[in-house]
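So you can see what is in the structure, the chains are spelled out below.
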Amino acid sequence: MADYLYELLSPHLAPTANSPTPLSPEQDATTAQYLNRLPTLSLEALQETEPQSLAQSSHSTLLSIQALSNRSHRAFITSADNLSNLRTSIPHLTRDAQQLRDAVPRLDEEAVCFSSKYSRAAENASLEQRKRTMQLARNVDRLSDILELPTLLSTAVSSAAASSGTAGGSLSTTYSAALDLYAHIKRLQTLYPDSALVKDVTSQAEDAMKDMTSNLIGGLRAQNLRLAAAMRTVGWLRRVAPELEGLFHDGGSGTGEGALGAVFLICRLANLVTTLEALEPLRELADQETQRRVRKRGAKNGAGSWSDGHQTEKFLKRYIEIFREQSFAIVSLYKNIFSPDQSESDLALLTDTLRTYLPNVQDRSSRESLLTQILYCAASLGRLGGDFSMVLTELSDADDADDEDDRMSQEWEEISRKHRALAGRLEQLTGGHPPSSSKGGSALRAVSPA
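The residue numbering used here restarts from 1 in each chain and proceeds along that chain's sequence as written. In view of the model being predicted, local features appear only for residues whose pLDDT reaches at least 70, and side-chain atom pairs are presented and counted only at 80 or more, with totals across whole chains, interfaces and linings using the full set of residues. Note that water and hydrogens are dropped before the side-chain values are worked out from all heavy atoms of the structure.

Draft legend 1. Spotlight on the pattern of salt bridges. Any carboxyl oxygen of Asp or Glu within 4 Å of a side-chain nitrogen of Lys or Arg constitutes a salt bridge here. Within the structure shown, the criterion is met by 6 salt bridges. Here Asp-180 ties to Arg-239 by a salt bridge, and the two come within 3.6 Å at their closest N and O atoms. Pair noted here: Asp-180 is in helix 8 (residues 168-191) and Arg-239 is in helix 10 (residues 227-240), with a separation of 59 residues, a long-range link. Working definition: with a 1.4 Å probe on protein chains only, accessible area under 20% of the residue-type maximum means buried, over 50% means exposed, and in between means partly exposed. Judged by relative accessible area, which is 44%, Asp-180 ranks as partly exposed. Judged by relative accessible area, Arg-239 falls into the partly exposed class, the value being 44%. Glu-321 is the partner of Arg-318 in a salt bridge, and the nearest nitrogen-oxygen pair spans 3.2 Å. In this pair, Arg-318 and Glu-321 both sit in helix 14 (residues 310-337), 3 residues apart, roughly one turn of the helix. Here Glu-321 falls in the partly exposed class, since its relative accessible area comes to 32%. For the purposes of this entry, the term helix denotes a DSSP run of H or I that reaches at least four residues, the term strand denotes a run of E that reaches at least two, and both are numbered from the N terminus.

Right, dumping it as structure tokens:
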């Protein structure tokens, strides 16, 4: 029925710009549905209400289309553009798909090659290199910290050397931090003995420790070195240079101080010599009096006047005073820090000076004052087991006349007798014991020339 109606009405449905010809019922279900509805309407409805209903539906549809166009015009434009490009896009897609299909075998070959190259079933140099590279990437922060250790150690050593004149607490903290860093580097060397990086870091750390050792040894030459500072410095040296304690040992059960004690004594002796060198102006005046004495003796002019040797007396008094203070401090520090073995030592630094300049002093009271001062110096060291009063009996000068040697010996015996008598009276008053007169121990090396 719908087909017949469509054939009957199709001549009257001429297409226009705004009203295209509808599709046949076989092609469009909407057309077939409407044509099937027309026979059900009355003639009156067809003439009166159906045109109005169609017009109203057309107007409603037009409004819906306009609203849809307003809302989705961009999507329509994009769809239209894509539809216009569809003719070229489909060939491109086909060509790309063909290329992908052709590349699949080659991709499979490469995957098989990669699998065989980096297989874990056997030793593979490339895989091992990749593992090392990945491990290096994971541990880059740790390696950076290890590489910074020599710089931190050098900075700590330099900072400690720069602040050596400041408070001891800051210096102690800085040196302790440097020693802790060095101990950490030595532990790394023990854990990784074959690592080239650790070997290089250890080499740089050892150079910094050599600088620290030099700084510490230089600190032992400081003026007015106190016991606490000396013990700290020696303690640091024992940690930074333990090989010093192993030198000079005979391999027995005794525990000597090794070369560390010798280093301490040499440094303090250098300080003593430097202090005595400050008396060089007085020594020059004493040398001039020595030359005058030699000329008078060669000319056989007899004994000089009482004023001869006045400058020498000033020099010797100051010399003996410094020697007494410094030698007592050296021996005291040494005995408190180390455990020296008792052995005999000479006192050439003092005896040579006395042998050279004491004959210049012609006044008897001045000579007795100097000899008494020497005895006090010997007694001062005697409290530490280093009484050297017997060594001073050899002060005679072989170049002097025999009568002068005899006079010096007599004066020395008289001064010694007075000193022993005074000591005896003091002992009676105090009820104590006389000081030990044992010969000097190994600590007396501090007052001997190198």
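Draft legend 2. Highlighting the nonpolar core. The definition of a nonpolar core used throughout is a set of buried Ala, Val, Leu, Ile, Met, Phe, Trp, Tyr and Cys residues joined through side-chain atoms within 4.5 Å. Counting residues in hydrophobic clusters, the biggest one holds 69 residues, and the most contacted among them are Met-212 and Phe-264. No other element matches the 11 residues that helix 14 contributes to this core. Note on contacts: a residue pair qualifies if any of its non-hydrogen atoms lie within 4.5 Å across the two residues. For Met-212, the residues in contact, after removing those within four places along its chain, are Val-157, Tyr-175, Ala-178, Leu-179 and Val-240. Core analysis: the next-biggest nonpolar cluster, separate from the first, contains 5 residues, Leu-5, Tyr-6, Leu-35 and Leu-38 among them.

Draft legend 3. Geometry of helix 1 (residues 2-9). Those residues of helix 1 that fall on the buried side of the exposure criterion are Ala-2, Leu-5 and Tyr-6. Viewed along the axis of helix 1, the buried residues span an arc of 100 degrees, placing them on a single side of the element. Turned more than 90 degrees off the buried face of helix 1, the exposed positions are Tyr-4, Glu-7 and Leu-8. Arc definition: it is the arc formed by the directions from the helix axis to the C-beta atoms.

Draft legend 4. Representation of a nonpolar patch on the surface in the model. Residues Leu-83, Leu-86 and Ile-90 make up a contiguous nonpolar surface patch of about 290 Å² in total accessible area. Its location among the elements puts Leu-83 in helix 5 (residues 73-117). Residues qualify for a patch when their relative accessible area is over 30% and they have no salt bridge, like charges being joined within 9 Å and the nonpolar side chains of Val, Leu, Ile, Met, Phe, Trp and Tyr within 5 Å. Exposure was quantified through the Shrake-Rupley algorithm and a 1.4 Å probe, taking into account, for residues, occlusion by the shown protein chains and nothing else.

Draft legend 5. Summary view of the environment of Met-1. Its place among the elements puts Met-1 in the segment before helix 1. When the C-alpha positions of Met-1 and Pro-39 are compared, they lie 8.8 Å apart, and in sequence the two are 38 residues distant.

Draft legend 6. The side chain of Asn-360, seen in detail. You can see Asn-360 is positioned in the loop between helix 15 (348-357) and helix 16 (364-382). Of note is the side chain of Asn-360, whose polar atom sits 3.3 Å from the backbone oxygen of Ala-286. Here a polar contact means two N or O atoms within 3.5 Å. Within protein one must be a hydrogen donor candidate and the other an acceptor candidate, and residues neighboring in sequence count only if both atoms are side-chain atoms.

Without other data, these values stay purely geometric and don't point to any function.
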